[in-house]
Amino acid sequence: MYVWDCVVYHNTCSTGNDPWPVNISPKPLKHNQLNSTPVAIVASNRAECLYRSLYSVLSADGANSSLITVFLDAPFPDPMAVAKLFNVTVIAHSLVADIKTFDITKESSTMIRNRIDKHYKLTISKMFDMFPDATQAILLEDDLQVSTDFFSYFSQTADLLYNDSSLYCISAWNDFSYQQSSRDPGLLYRVDNMPGLGWMLRKSLYREELESKWPMKPQKDSWDGWLRRPPQRKGRECIMPDVCRTFHFSVGAHISSLGQQRYFNTHSFNKLPYPVNINTEMMTRNAYEELVKKMLRNAMLANHLVSVCSSRLIPDTTNVTYALYIKGNKTLLDLMSCLELWDVDYRPGHKNMWRFWLKGNHILLIQCPESEYCSFKPDSVFPIEETIPLFLIFYRKYIILALVFTTAVVTTFITAKWCRCSRDSEADSKA
């Protein structure tokens, strides 16, 4: 459907004709807590991406076009035409010197990062200026498609963000949520991280803490890396879903086509056509701690006598909760690589504990000795630590076969030589 839509877009906007508006009638959302929550779509010169993103946002249950604004880093004609096509407000900043000669391939990564950093600050500040009564806002990007229950998800979690001072964002994204590692769209996690890629921010946090020190000069990290640092996070956490409510569908400034294929195409995405009921009662700080401890007390132990890449790590069961204790960041990244999850860099969990699904079982992965949950580990269990290079783990089957083959060849050679020597000796004795 989206391919056809983009073709229609090209046939209308690119020829200079006045395009037909896209009319979408989303279903209303019951008990909507987002009636005054603005949505910002941070965009650049990617009209086709913006079209797909806007189509999904305006099709989601509870969408309100009057609260949706597209923010461009420069007044690029094509994405501005797309915004007009959907009859949503568009604001263009002036972060590109000359849009006619603009070529992102000629910019350094530092220049791109700095422009995006500025783009985000200008966007968030302008959004709260435009909607002074808003207590929070939702931020998206033009390469994100949202689920049907996107607004329902944020509506059900909005009170958590507003009332729980130990939280600093609600995210629709989960770095470790892939098709093989997620299962329950009604399940939430707390993490010591800011997942991004579709997230909700409190106005008070931005105005009182972040706005005045937002990075506007070139730096090593991008804005999201800066936001994850301890001086900004201050021990606070974010809420994220077991099953993602956004889908990242395009390459970008920091994502190659291979990166998109490996890390994003197989990410989970809630495709249920109706709102999912979410249990938020256990997501406050104290309630979540009690939940985690109860799960650990009742959890079965994974197989700690094998590699984290072994198929015998988790038994062939279903609906069982397993505790898996590991040691070291290398072991963590090796496990993520073997499971084909996010292994590009270290992404924090909750107090050095990560939750995901494997073989239909719920996994509590605890890093020792960093996590306070290591106290639940029996003394007889030693955390798994990978010291073997990862490529040896991946290709161990072929290495074993090669060793077996080599041993067989050497054995055959020695046996043949011994037999020949025996025959020679026997012939000499007869002579």
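Bear in mind the structure is a predicted one, so any value in this text is a computation, not a measurement.

1. Details of the overall build of the protein chain
Now for step 1: Along its length, the protein chain carries 13 helices and 14 strands.
Now for step 2: Evaluated residue by residue, the protein chain yields a buried proportion of 50% over its 431 residues.
Now for step 3: For the protein chain, the share of sequence-separated contacts (at least 6 apart) that also reach a separation of at least 24 residues comes to 75%.
Now for step 4: Accessible area of the protein chain: about 21300 Å², with a carbon and sulfur share of 56%.

2. Some details on the state of the cysteines
Now for step 1: Taken as a whole, this structure holds 3 disulfides when the rule is applied.
Now for step 2: Across a sulfur-sulfur distance of 1.7 Å, Cys309 and Cys338 are joined as a disulfide pair. Between Cys309 and Cys338 the sulfur-sulfur dihedral comes to about 65 degrees; the bridge is accordingly right-handed. Separated by 29 residues along the polypeptide, Cys309 in the loop between β11 (300–301) and β12 (321–326) and Cys338 in helix α11 (residues 329–338) bring together distant segments of the chain.
Now for step 3: According to the relative accessible area criterion, Cys338 is partly exposed, its value standing at 22%.
Now for step 4: Each sulfur of the disulfide joining Cys368 and Cys374 lies 2.2 Å from the other. Taking the sign of the torsion about the S-S bond as the criterion, the disulfide between Cys368 and Cys374, at about -115 degrees, is left-handed.
Now for step 5: Looking at Cys368, the relative accessible area reads 6%, which means it is buried.
Now for step 6: By sequence order of its bonded cysteines, the protein chain has the disulfide arrangement 1-2, 3-4, 5-6.

3. What to know about the packing of aromatic side chains
Now for step 1: Scanning the entire structure with this criterion turns up 17 aromatic pairs.
Now for step 2: Of the aromatic side chains, those joined through ring pairs into one cluster are Tyr120, Phe128, Trp199, Tyr206, Trp214, Trp223 and Trp226.
Now for step 3: Positioned above the aromatic ring of Phe249, the side-chain terminus of Arg52 is 4.2 Å from the ring centre.

4. Some remarks on the packing of helix α2 (residues 47–59) against helix α3 (residues 77–85)
Now for step 1: For the pair α2 and α3, interaxial distance at closest approach is 8 Å and the crossing angle is 20 degrees. On the basis of the axis angle, α2 is roughly parallel to α3. In this structure, α2 meets α3 at a crossing whose hand is right-handed. Contact with α2, carried on its side by Ala47, Leu50, Tyr51 and Leu54, involves Asp78, Pro79, Val82, Ala83 and Leu85 of α3 and no other residues of that element.
Now for step 2: Residues that form the contact of α2 with α3 fall into these classes: 8 nonpolar, no polar and 1 charged.

5. Points about the pattern of salt bridges
Now for step 1: One pass over the full model with this rule turns up 20 salt bridges.
Now for step 2: Between Arg245 and Asp149 there is a salt bridge; the shortest N-O distance is 3.0 Å. Taken together, the positions of Arg245 in the loop between β9 (237–241) and β10 (246–248) and Asp149 in the loop between β5 (144–146) and α5 (150–163) put the pair 96 residues apart, joining distant regions of the chain. With respect to burial, Arg245 and Asp149 carry one shared label: buried.
Now for step 3: Shared partners join several salt bridges into a network, and the residues in it are Arg46, Asp142 and Asp143.

6. So, empty space enclosed by the protein
Now for step 1: Considering all chains together, one arrives at 2 cavities of 30 Å³ or more under this definition.
Now for step 2: Quantified by volume, the largest cavity comes out at close to 80 Å³.
Now for step 3: Secondary-structure elements contributing two or more residues to the lining of the largest cavity are β7 (188–191) and β13 (353–358).
Now for step 4: By residue number, the principal contributor to the lining of the largest cavity is β13, which donates 4 residues.
Now for step 5: Per-class residue counts for the lining of the largest cavity are 8 nonpolar, 2 polar and 2 charged.
Now for step 6: Its volume calculated, the second largest cavity comes out at about 40 Å³.
Now for step 7: In terms of lining residues, the second largest cavity is bounded by Asp175, Phe176, Val191, Asn193, Met240, Arg347, Pro348, Gly349 and Trp354.

7. Some thoughts on the sheet that holds β11
Now for step 1: Here 4 strands make up an open sheet; going across it, the order is β11-β12-β14-β13 and the pairing mixed. Edge strands, defined here as strands with exactly one partner in the open sheet, are β11 and β13.
Now for step 2: Two elements, β11 and β12, share 2 bridges in a ladder whose sense is parallel. Opposite Leu301, over in β12, you have Ala323 as the bridge partner.

Reading the values: the criteria
- Residues numbered from 1 in each chain as written.
- Predicted model: local features only at pLDDT ≥ 70, side-chain atom pairs only at ≥ 80, totals over all residues.
- Heavy atoms only, no water.
- Helix = DSSP H or I, 4+ residues; strand = E, 2+ residues; numbered from the N terminus.
- Buried < 20%, exposed > 50% of the residue type's maximum accessible area, 1.4 Å probe, protein only.
- Contact = heavy atoms within 4.5 Å.
- Areas by Shrake-Rupley, 256 points an atom, 1.4 Å probe, with all protein chains shown as cover.
- Disulfide = S-S within 2.5 Å.
- Phe/Tyr/Trp six-rings, centres within 6.5 Å; stacked < 30°, edge-to-face > 60°.
- Lys NZ or Arg CZ within 6 Å of the ring centre and 35° of its normal.
- Axes fitted to C-alpha atoms, helices over the stretch in contact; angles between N-to-C directions.
- Parallel < 35°, antiparallel > 145°, perpendicular 65-115°, else oblique.
- Left-handed = near helix turned anticlockwise from the far one by under 90°.
- Nonpolar A, V, L, I, M, F, W, Y, C, P; charged D, E, K, R; others polar.
- Salt bridge = Lys/Arg side-chain N within 4 Å of Asp/Glu carboxyl O.
- 1 Å grid on protein atoms, 1.4 Å probe; cavity = no way out; pocket = protein on both sides within 12 Å on 5 of 7 lines; lining within 4 Å.
- Points joined across faces, edges and corners; volume = space filled by probe spheres on them.
- Pairing = 2+ DSSP bridges.

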